[in-house]
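One letter stands for each residue in the lines below.
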Amino acid sequence: MASSLISKRIYWAVFIYVVLVSHACNGFYLPGSYMHTYSTGEEIFGKVNSLTSIETELPFSYYSLPYCKPLKGIKKSAENLGELLMGDQIDNSPYRFRMNVNASVYLCTTNPLNEHEVKLLKQRTRDLYQVNMILDNLPAMRFANQNGVNIQWTGFPVGYTPPNSNEDYIINHLKFKVLVHEYEGTGVEIIGTGEEGMGVISEADKKASGYEIVGFEVVPCSVKYDPEAMTKLHMYDNITSVNCPLELDKSQIIREQERVSFTYEVEFVKSNIRWPFRWDAYLKMEGARVHWFSILNSLMVIFFLAGIVFVIFLRTVRRDLTRYEELDKESQAQMNEELSGWKLVVGDVFREPNCSQLLCVMVGDGVQITGMAVVTILFAAFGFMSPASRGMLLTGMIILYLFLGTAAGYAGVRLWRTIKGTSEGWRSVAWSVACFFPGIVFVILTALNFILWGSKSTGAIPISLYFVLLSLWFCVSVPLTLLGGFLGTRAEPIQFPVRTNQIPREIPARKYPSWFLVLGAGTLPFGTLFIELFFILSSIWLGRFYYVFGFLLVVFLLLVVVCAEVSVVLTYMHLCVEDWQWWWKAFYASGSVALYVFLYSINYLVFDLQSLSGPVSAILYLGYSLIMAIAIMLSTGTIGFLMSFYFVHYLFSSVKID
């Protein structure tokens, strides 16, 4: 027993040492991105993801077009939950690469194109669909020079339409450049499995060598071949190298009865890029300096405004409390009769709000969404959400949301107990918390899914995945939310510092509706968010990588502070005019930022997504934007409400009441 324990400790000590050494010497390997080394001549097959377009935002299967198929048939890669929800469909492809072997290769020649295939190819070409090819988990990258500016894309187009022409041409020849780095290092080999189920590490070091793929570039071409000559070849036969033709008569036109031959060339180039840094080329963003200075400028402005509001607020409240507490009881009574303000609503400030159960439900869901956002952004900011792990971000968010159901149920039910003074009806509150936001998302996604099904897009959620999501909802999230609600009934309710009068106090009439001020308050939190929101929307809808999670973390923390301050100040202003109905106004003072987010999304659709075509794409965009806006409303509203609640509790517990 003692020797077994010692062996375990030695195993973990060596394992930690190996991890630390690899971290110090070769950089930190992100989770989900595993290093592969290949020997010269070793075969590597590329993969293909769904066809995507920034015009329609409807992904389609690669093999929905008449492309060459692998000899051993099409095989789908294992996909996680996030990839399935994003519409990714990764299949194997016939594109074969042999490490460090340059070659020009023939793939296949199609049968004469029929009317349906021609119509589909033309439609995909004019909708600017991209082929997304993957090699060793790296997307194919394409470079171009426009007006003296180097632009990079991932993927290559299905085809192209020359200016002032009604004809379309298909991309049927690809020039690949594979960047490789020669790796030589000390490897630690696991040579067996011990009795305790652990790998046994060999004491002798083993020299590991080979080549790592650190870059994958493509130049697409359209080449017209003689189909009679090409059909005599077999797949993977060598052909002569081809230069990309500039003349249209030498390019492959998309037309009925045309036979399209597909070929490709591979060139391996040695590179000094090391494997841990191979994603740097994909994460470069044009105008990075503008991005940095815009974010910093926004942070400085918001800190300045928030500091002014906070200082004024502290001085005002402290002066009121100091004046009130320095008076004796008779003077306090006389002061209450003569003065107006928050001191006069002491008997109504904790009166139960309208639709109190709905408020508890929205606060519970807000706690769940906020917790999910905090943990996700933290993990991403510290490098645990690698772009190499497709769908990992969305999968992690869903798992976090499910398990944070306990916190949601606890927060909702405890607030319910605080307002009602009893636990009666807590099951209804917990069930509502578990079903409110997921139910809204489920209804919107179902409506959008019918549209995607009608378009035969791979973005449509399969029926089997629907059952998986429903199982996760009702078998994981709902029980955990009910458990959190049960724990909320066992927690001590928050005691109000003052008693509530039986007869509610009349609220003085105002010249303008108080909701105008509440809706206007959302502009300040929106000011902290809109710059980062532009980059997030661009990454979602324009296919760009979003990687500045450190900035997003700072912006999120700043948003939390501003939401709390705005809500507290608005609550104090309402109490000063004897408006004791502050509960919902505190929630929407910060939650109203969601309105501006949705309006900005519409503005982004009109002015920045001008290439988006068709009502289907616009409906999909607005549907997903609505889900995002509702989540932001629940999160920011909860932050503002909880801060206002504790502020009001502190304020009235500081006043001496007989």
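In the annotation of an unreviewed UniProt entry, the entry for the protein reads Transmembrane 9 superfamily member, and the organism field reads Davidia involucrata. Its UniProt record gives the protein a comment under Sequence similarities (unreviewed entry), which states: "Belongs to the nonaspanin (TM9SF) (TC 9.A.2) family."

(A) Looking closely at the overall build of the protein. Per the secondary structure count, the protein includes 18 helices and 16 strands. When each of the 658 residues of the protein is scored for burial, the buried share is 48%. Relative to all contacts within the protein whose residues are 6 or more apart in sequence, the contacts with residues 24 or more apart total 83%.

(B) Seen up close, the side chain of Ser 644. Relative to the assigned elements, Ser 644 resides in helix α18 (residues 615-653). Leaving out residues up to four positions away in the same chain, Ser 644 has contacts with Ser 567, Val 568, Thr 571, Trp 582 and Ala 586.

(C) Region of interest: the pairing of strand β3 (residues 103-109). In terms of burial, β3 is a largely internal element, 6 of the 7 residues being buried. Two strands pair when backbone bridges link them, and β3 and strand β16 (residues 261-270) are joined in this way by 6 bridges, in the antiparallel orientation. Within β16, the residue paired with Val 105 across the bridge is Tyr 264.

(D) Molecular detail of the state of the cysteines. Scanning the entire structure with this criterion turns up 2 disulfides. One disulfide in the model links Cys 68 with Cys 108; its S-S distance is 1.8 Å. Negative torsions about the S-S bond denote left-handed disulfides, and the value of about -90° found for Cys 68 with Cys 108 makes this one left-handed. Linking Cys 68 in the loop between β1 (43-48) and α2 (81-85) with Cys 108 in strand β3, this pair joins segments that are 40 residues apart in sequence. Each of the two residues, Cys 68 as well as Cys 108, counts as buried.

Quick notes on the rules
- Residues numbered from 1 in each chain as written.
- Predicted model: local features only at pLDDT ≥ 70, side-chain atom pairs only at ≥ 80, totals over all residues.
- Heavy atoms only, no water.
- UniProt positions renumbered as here; feature names shortened; annotations may be inferred.
- Helix = DSSP H or I, 4+ residues; strand = E, 2+ residues; numbered from the N terminus.
- Buried < 20%, exposed > 50% of the residue type's maximum accessible area, 1.4 Å probe, protein only.
- Contact = heavy atoms within 4.5 Å.
- Pairing = 2+ DSSP bridges.
- Disulfide = S-S within 2.5 Å.

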